[in-house]
Amino acid sequence: MAKTAETTEVRREITIDASPETIWSFLVDPEKAVQWMGSTAELDPRPGGLYRVAVAGTHIARGEFVELEPPRRLVHTWGWEPEEDKAMSSVPPGSSTIEIELEPVGDSTIVRFVHRDLPSAESAASHTHGWDHYLPRLVAVASGSDPGRDPWLTQPPR
């Protein structure tokens, strides 16, 4: 009997006291993106354009933009450039997908975040830990607060 591949996902819904346009800019503008995640970002926000962010220390996420409906919906692929960490190498560049939907509600925006196509429960747990670190930083910066220097830039998570 053939074994089927296990895939899992991370889902989060958060509310940010900012407009979809403000939040969108922190998702596609490299200078703004690194205020909440990573030390460098190469972002070419168009279908087929590069998504590449040095996330924590030497961990580099890479994929490509798939769908962009400014400022409401963003889809890009995601994975890790090769490195020694086996948990990271189980998700190669472009092998998983991130979907972000922004819905205005009064002066705030509901952000629906899904990271799907992760290969295992272990990978989903690792990415859940990461997104639970970074999404609050997005909330802070998009609502006008300074989230401070990301501690994972000098002490990457284990």
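Residues numbered from 1 in each chain as written. Predicted model: local features only at pLDDT ≥ 70, side-chain atom pairs only at ≥ 80, totals over all residues. Heavy atoms only, no water.

Concerning the pairing of strand 7 (residues 108–118)
Next, step 1: Counting buried positions over the 11 residues of strand 7 gives 8, a clear majority of the element.
Next, step 2: Where strand 1 (residues 8–16) lies against strand 7, 8 bridges are found, and the strand directions are antiparallel. Opposite Arg11, over in strand 7, you have Val114 as the bridge partner.
Next, step 3: In the sheet, strand 6 (residues 96–105) pairs with strand 7 via 9 bridges, with the strands oriented antiparallel. Residue pairing across strands places Glu103 opposite Ile110, the latter belonging to strand 7.
Next, step 4: In textbook terms, the turn of a hairpin is the stretch between consecutive antiparallel strands, and for strand 6 and strand 7 this stretch comprises 2 residues, one of which, Gly106, has a positive phi near 60°. (Buried < 20%, exposed > 50% of the residue type's maximum accessible area, 1.4 Å probe, protein only. Helix = DSSP H or I, 4+ residues; strand = E, 2+ residues; numbered from the N terminus. Pairing = 2+ DSSP bridges.)

Observations regarding the side chain of Ser108
Next, step 1: With respect to the element layout, Ser108 can be found in strand 7.
Next, step 2: Here Asp17 takes part through its side chain, which lies 2.7 Å from a polar atom of the side chain of Ser108.
Next, step 3: When near neighbours in sequence (up to four residues on either side) are disregarded, Ser108 contacts Thr15, Ile16, Asp17, Ala18 and Glu103. (Polar contact = N/O pair within 3.5 Å; in protein donor to acceptor, adjacent residues only side chain to side chain. Contact = heavy atoms within 4.5 Å.)

Points about empty space enclosed by the protein
The rolling of a water-molecule-sized probe over the atoms marks out the regions of remaining empty space.
Next, step 1: One pass over the structure, following the stated rule, counts 1 cavity of 30 Å³ or more.
Next, step 2: There is about 140 Å³ of room inside the largest cavity.
Next, step 3: Lining the largest cavity we find 16 residues, and of these Leu27, Trp36, Met37, Tyr51 and His76 sit closest to its centre.
Next, step 4: Per element, the largest residue contribution to the lining of the largest cavity is 3 residues, and it comes from helix 4 (residues 121–142).
Next, step 5: Residues of the lining of the largest cavity, tallied by class, amount to 15 nonpolar, 1 polar and no charged. (1 Å grid on protein atoms, 1.4 Å probe; cavity = no way out; pocket = protein on both sides within 12 Å on 5 of 7 lines; lining within 4 Å. Points joined across faces, edges and corners; volume = space filled by probe spheres on them. Nonpolar A, V, L, I, M, F, W, Y, C, P; charged D, E, K, R; others polar.)

Any functional reading would require information beyond the geometric quantities listed.
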